[in-house]
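Residues per chain, in single letters:
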Amino acid sequence: SSSSSSSSSSSNYTPSNEVRKRANEEWANVKAYGAGGGEESGEHHSSFRYQFMHNHHQNSNHHSHSSDSEDPLDLRKRLKRALTARPPAFERALMEYVEKHKSATEVSKKDSENHKYIVYVSGGNDGYGNRLPGVAMAFLWALLTDRVLLVHWRDTFPNPASWGKLFQPGVEMDVDKLRDSLSDKILQYVPFGSSASCGSSNKKGSSSNSGCAMVVRDDYAKIASKDLNQQYPEKVLLFKSDDYAMPLLVNNENYKDQVKSLFNNKHANVFGHIARWLLTPSPKIQKTVDRTFESLGKYNFGMHLRMQKPMPAGGEKGVKVPDPEVFFKFARMRGEALGFPASDTVFYLASDDSRARDRATEYFSKRGLTVRFMEGIKFGNDGDRGSVESLQNAIAEMRVLSMCDEIVGSYGSSFSAVAASWGAITKYDIRADGSYWNTAWNEPCWRFASRGHNAAISDAASLPYHEGCHEGMSTFKDWQKSNWNKGKGL
């Protein structure tokens, strides 16, 4: 029969030189974009290459067998691995950075004087969805300008969690842990305790050759156009941010080509690539992540419901929170549209309200569908920020969401945006009126893009998303008239 002869020819197949040449060229492109494996993949290049060569032969000879057809869902899995794979140039930059960081912090106090520093200063009451984009931007700034990143991580929460209890990328960054490692010439400018100023100099936006300068939101326009080494020659920079102003940095003509070269010649998912190294969870958090993810399925649909923080509804409409079932209906609809088999699919719910769990259990169980939650989560006003464990669980929830195949989040929640970008997911958001928003960019929101700094990069391709991705836009007059990416309500 034709099928048996095809099978025989396939098993004894030896590609012609021309076919081999074309396949090797295409394979090189596949490797360049990480489709053979990556940070979150155990797949070996050799087995993937064999399958690639086999498929190339099958396609070249126009064979069509159901056993050889591509599974769209498997392709989606492979695409996620490709998108989250670490670009080779970024991998090399990380290796060089680690050596530099260790030279500055682990050799001697005298050696620490040979380096320049950027200190990320977090806001004490800012949620993690606001802080993590800022620290990621500080790290890229360090890479581009040959600085060492330190972190001044401060909470006004009752029982704060230090940087090291949340993240351990392999080098010590917490300024409190480095006080015995840095020279006094550096320490005099490094914030300590609740302080967040340049020591006695307390210079803001300085461009003179002093020891320290603070960079705050008023200075952000400079990030878009200046040579930052010339603009900020100081030994220590204090970068205060509760936002994701990365578009200013990656579109700066002085660094644009360098940024692209680091990330496979594109700006997409800059935060995600940085996060998958810089935000390596601490062992305790990683254990929670692993335990939770093991309880999920082959296909996982993440749902983040921010019920304790109402969304602005525009104009004089005040604020509101959509019913949880709006999120559930959308997740179910999207899952069916993608062809997720019900028997292999788990809907994972992360929420700040226990009532959402009860409603999810009722909704999905009635339909024979599976919903899972993270164990040990406590609930309170605006989530629970009352203990170190609760703060660690927030990071664990964010990481698990990022590992899902799809995410539907709460419009205006930076928590949803950061989780999606961490996992290279272009997510959907449910808005205050129950309609949904399909994001155009897998990066966190730049909350204040529409408040004065966007003119600095007015022609950036990513700007339309950043002008419309956050709840802040809904507080402006006539905001309803500019919903350029708003989908039809459910």
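Computed from a prediction, not measured in an experiment: that's the story for all the values here. (Residues numbered from 1 in each chain as written. Predicted model: local features only at pLDDT ≥ 70, side-chain atom pairs only at ≥ 80, totals over all residues. Heavy atoms only, no water.)

### Re the pairing of strand S3 (residues 212–215)
So, step 1. By the alternation rule, side chains of S3 split into Cys212 and Met214 and Ala213 and Val215, which are all buried.
So, step 2. Pairing analysis gives 4 bridges linking S3 to strand S4 (residues 236–240), with the strands arranged parallel. Across the sheet, the residue bridging to Ala213 is Leu237, located in S4. (Buried < 20%, exposed > 50% of the residue type's maximum accessible area, 1.4 Å probe, protein only. Helix = DSSP H or I, 4+ residues; strand = E, 2+ residues; numbered from the N terminus. Pairing = 2+ DSSP bridges.)

### Some thoughts on the pattern of salt bridges
So, step 1. Counted according to the given criterion, the structure contains 18 salt bridges.
So, step 2. We note a salt bridge from Asp242 to Arg217, for which the minimum N-O separation is 2.7 Å. Residue Asp242 is located in the loop between S4 and helix H12 (246–250), and its partner Arg217 is located in the loop between S3 and helix H10 (220–223); the two are separated by 25 residues in the primary sequence.
So, step 3. Residue class for Asp242 comes out buried when judged on its relative accessible area of 17%.
So, step 4. The partner of Arg355 in a salt bridge is Asp353, and the shortest N-O contact between them spans 2.6 Å.
So, step 5. Taking relative accessible area as the criterion, Asp353 reaches 6% and is therefore assigned buried.
So, step 6. Within this structure, Arg76, Arg334 and Glu406 form a network of salt bridges that share partners. (Salt bridge = Lys/Arg side-chain N within 4 Å of Asp/Glu carboxyl O.)

### A closer look at the packing of helix H7 (residues 128–145) against helix H18 (residues 388–403)
So, step 1. Axis separation between H7 and H18 bottoms out at 12 Å; the angle between their running directions is 70 degrees. As far as their axial angle goes, H18 and H7 are roughly perpendicular. Between H7 and H18 the crossing geometry is right-handed. Listed contacts from H18 to Tyr128, Gly129 and Leu132 of H7 are Leu391, Ala394, Ile395 and Met398. (Axes fitted to C-alpha atoms, helices over the stretch in contact; angles between N-to-C directions. Parallel < 35°, antiparallel > 145°, perpendicular 65-115°, else oblique. Left-handed = near helix turned anticlockwise from the far one by under 90°. Contact = heavy atoms within 4.5 Å.)

### A few points about unusual backbone geometry
So, step 1. Within the chain, Asp146 stands out as a residue other than glycine whose phi angle is a positive 60 degrees.
So, step 2. Its place among the elements puts Asp146 in the loop between H7 and strand S2 (147–152).
So, step 3. The phi dihedral of Ala424 falls on the positive side, at around 55 degrees, and the residue is not glycine.
So, step 4. Along the chain, Ala424 turns up in the loop between helix H19 (414–422) and strand S11 (428–430).

This is a description of form; function is not addressed.
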